[in-house]
Amino acid sequence: MLLQAVDRKRCASCQRWTGARRPGELPETVAIESETVSGLCQGGGWHGSERRARSACGHWLRWQALPPLS
């Protein structure tokens, strides 16, 4: 498992991304299987396109499965 920091605002931590992931064991991280994990973008700047977990765009929304910021 790889951990992706939420503050990097990549697809893995975006609400619009549909790839396989889970909240990380460390605060403010998302766990992904590998750098090549991909999923579809739903409603963002790449809507309908397959994107890798570490991709980025200007339409990032914090994934709702993550604990709220304190």
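In case you missed it, the structure is sitting above this.
Residues numbered from 1 in each chain as written. Predicted model: local features only at pLDDT ≥ 70, side-chain atom pairs only at ≥ 80, totals over all residues. Heavy atoms only, no water.

**Concerning the side chain of R21**
Formally: Put simply, DSSP H or I for four residues or longer makes a helix, DSSP E for two residues or longer makes a strand, and each gets a number counted from the N terminus. Relative accessibility thresholds used throughout: buried, under 20% of the residue-type maximum; exposed, over 50%; partly exposed, between the two (1.4 Å probe, protein chains only). As used throughout, the charge tally considers Lys and Arg to be positive and Asp and Glu to be negative, leaving His and the chain termini uncounted. Within this document, salt bridges are pairs made up of a side-chain nitrogen of Lys or Arg and a carboxyl oxygen of Asp or Glu, the two lying within 4 Å of each other. Residues adjacent in sequence count toward polar contacts only when both atoms are side-chain atoms; beyond that, a polar contact is any pair of N or O atoms within 3.5 Å, and within protein one must be able to donate a hydrogen and the other to accept it. Contacts between residues were defined by any pair of non-hydrogen atoms, one from each residue, lying within 4.5 Å.
Residue placement: R21 occurs in the loop between strand 1 (2-5) and strand 2 (22-23). The charged side chain of R21 is buried without a salt bridge, its nearest counter-charge being E33 at 12 Å. One polar contact links the side chain of R21 to the main-chain carbonyl oxygen of A12, over a distance of 2.8 Å. Among the polar contacts made by the side chain of R21, one reaches the main-chain carbonyl oxygen of W17 at a distance of 2.7 Å. When sequence neighbours within four positions are dropped, the list of residues in contact with R21 reads C11, A12, S13, C14, Q15, V30, A31, I32 and W63.

**Brief notes about the environment of R51**
One can find R51 in strand 5 (residues 50-52). For R51, a relative accessible area of 17% puts it in the buried group. Residues R51 and R22, 29 residues apart in the sequence, show an inter-C-alpha distance of 17 Å. With near-sequence residues (within four places) excluded, R51 lies in contact with C11, W17, V37, S38, G39, C41, W46 and A56.

**Focus on the nonpolar core**
Stated formally: As used in this record, nonpolar core signifies buried Ala, Val, Leu, Ile, Met, Phe, Trp, Tyr and Cys residues forming a set joined through side-chain atoms within 4.5 Å.
Membership of the largest hydrophobic core is limited to 12 residues, which are V6, C11, A12, C14, W17, V30, I32, V37, A53, W60, W63 and L66. Contact partners of L66, with chain neighbours within four places excluded, come to V6, S13, P23, T29 and V30.

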